[in-house]
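Given next are the chains, with one letter for each unit.
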Amino acid sequence: MPQSIVRHEHTHLYASQPHTEAGRLLSSAILELRHAEQVQADRSQRISGLGGIDLAALRYLVQARREEREISPKDLIVMLGTSSATVTNVIERLVGKGYVTREQHPTDRRAHYLMPTESANDLVDEVYGAHHAAVVSVIDNLDEGEAKTTAETIRRIAAALDDLARRS
């Protein structure tokens, strides 16, 4: 019995149901997507062998490198929304696993940049590649009208959720 609740909790809407059957189907689909994303986040951590904050830091560092941007520990503090002490520990773990190196700042000998290694790039691609490929596969099978309507709907929902977060 308790496991039944856990298995189906993601299908429960904590608000009034939409007025139409189509709206209820859409609401259900969004809850299913949210659950699938949570499952993928857990999968990503399991595959990577990293904790959530370590994996997020590594993902940001890989993304920054691909955009040819340099990231300092201070930048990572802001990006992760956490403390200096936490970021220091994250960096130490990632350096210890061979995923990050420190590179000296060219003009400030006290500062350094954080650079992901090739093994970090490979890990991020391995962890997220199949997930993103599955999403793209479905998108590529939509016609233009379906894709535009779906994109607009998702953007409107995201904006409403962002507004709710800003008011809190």
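Residues numbered from 1 in each chain as written. Predicted model: local features only at pLDDT ≥ 70, side-chain atom pairs only at ≥ 80, totals over all residues. Heavy atoms only, no water.

Below, the discussion takes up the confidence of the model for the chain. Considering every residue of the chain, the mean pLDDT works out to 92; 99% of them sit at 70 or more. Confidence scores differ between elements of the chain, with helix α1 (residues 2–8) showing the lowest mean pLDDT of 71 and helix α5 (residues 84–96) the highest of 97. (pLDDT = per-residue confidence, 0-100. Helix = DSSP H or I, 4+ residues; strand = E, 2+ residues; numbered from the N terminus.)

Formed by 23 residues in total, the largest nonpolar core has its most connected members in Leu50, Leu58, Leu76, Leu94, Tyr99 and Val100. It is helix α3 (residues 52–66) that provides the largest number of residues to this core, a total of 7 residues. Beyond its immediate sequence surroundings of up to four residues, Leu58 is in contact with Leu50, Leu94, Tyr99, Val100, Ala120, Leu123 and Val124. (Core = buried A, V, L, I, M, F, W, Y, C linked by side-chain atoms within 4.5 Å. Buried < 20%, exposed > 50% of the residue type's maximum accessible area, 1.4 Å probe, protein only. Contact = heavy atoms within 4.5 Å.)

Turning next to the environment of Gln38. Here Gln38 is to be found in helix α2 (residues 21–48). Look at Gln38 and you get partly exposed, because its relative accessible area is 37%. Distance in space between the C-alpha atoms of Gln38 and Glu103 is 34 Å, their sequence separation being 65 residues.

Once that is clear, we can look at the packing of helix α4 (residues 73–80) against α5. One can describe the packing of α4 onto α5 by two numbers: an axis separation of 9 Å at closest approach and a directional angle of 110 degrees. Comparing the axis directions of α4 and α5 gives the class roughly perpendicular. Considering only the axes of α4 and α5, their crossing is right-handed. Here α4 contributes Pro73, Leu76, Ile77 and Leu80 to the contact with α5, which in turn contributes Ser84, Val87 and Ile91. Of the residues assigned to the contact of α4 with α5, the class counts are 6 nonpolar, 1 polar and no charged. (Axes fitted to C-alpha atoms, helices over the stretch in contact; angles between N-to-C directions. Parallel < 35°, antiparallel > 145°, perpendicular 65-115°, else oblique. Left-handed = near helix turned anticlockwise from the far one by under 90°. Nonpolar A, V, L, I, M, F, W, Y, C, P; charged D, E, K, R; others polar.)

Right, let's talk about unusual backbone geometry for a bit. The backbone of Glu68 shows a phi angle near 60 degrees, a positive value even though the residue is not glycine. Mapped onto the elements, Glu68 comes out in the loop between α3 and α4.

Right, let's get into helix α7 (residues 144–167). Every α-helical turn comprises 3.6 residues, leaving residues that sit three or four positions apart pointing alike. Across its 24 residues, α7 extends 35 Å between first and last C-alpha, which sits within 8% of the 34 Å expected from 1.5 Å per residue. Where α7 starts, the residue carrying a side-chain oxygen 3.0 Å from the main-chain nitrogen of Gly145 turns out to be Asp143. (Expected span 1.5 Å × (residues − 1). Polar contact = N/O pair within 3.5 Å; in protein donor to acceptor, adjacent residues only side chain to side chain.)

Before going further, it helps to spend a moment on the packing of α2 against helix α6 (residues 118–140). One way to put it is that α2 packs onto α6 with a least axis distance of 10 Å and a crossing angle of 155 degrees. Considering the angle they form, α2 stands roughly antiparallel to α6. Considering how the two elements wind past one another, α2 and α6 form a crossing that is right-handed. On α6, the residues touching Glu37, Gln40, Arg43, Ser44, Ile47 and Ser48 of α2 are Leu123, Glu126, Val127, Tyr128, Ala130 and His131. Taken together, the residues of the contact of α2 with α6 break down into 5 nonpolar, 4 polar and 3 charged.

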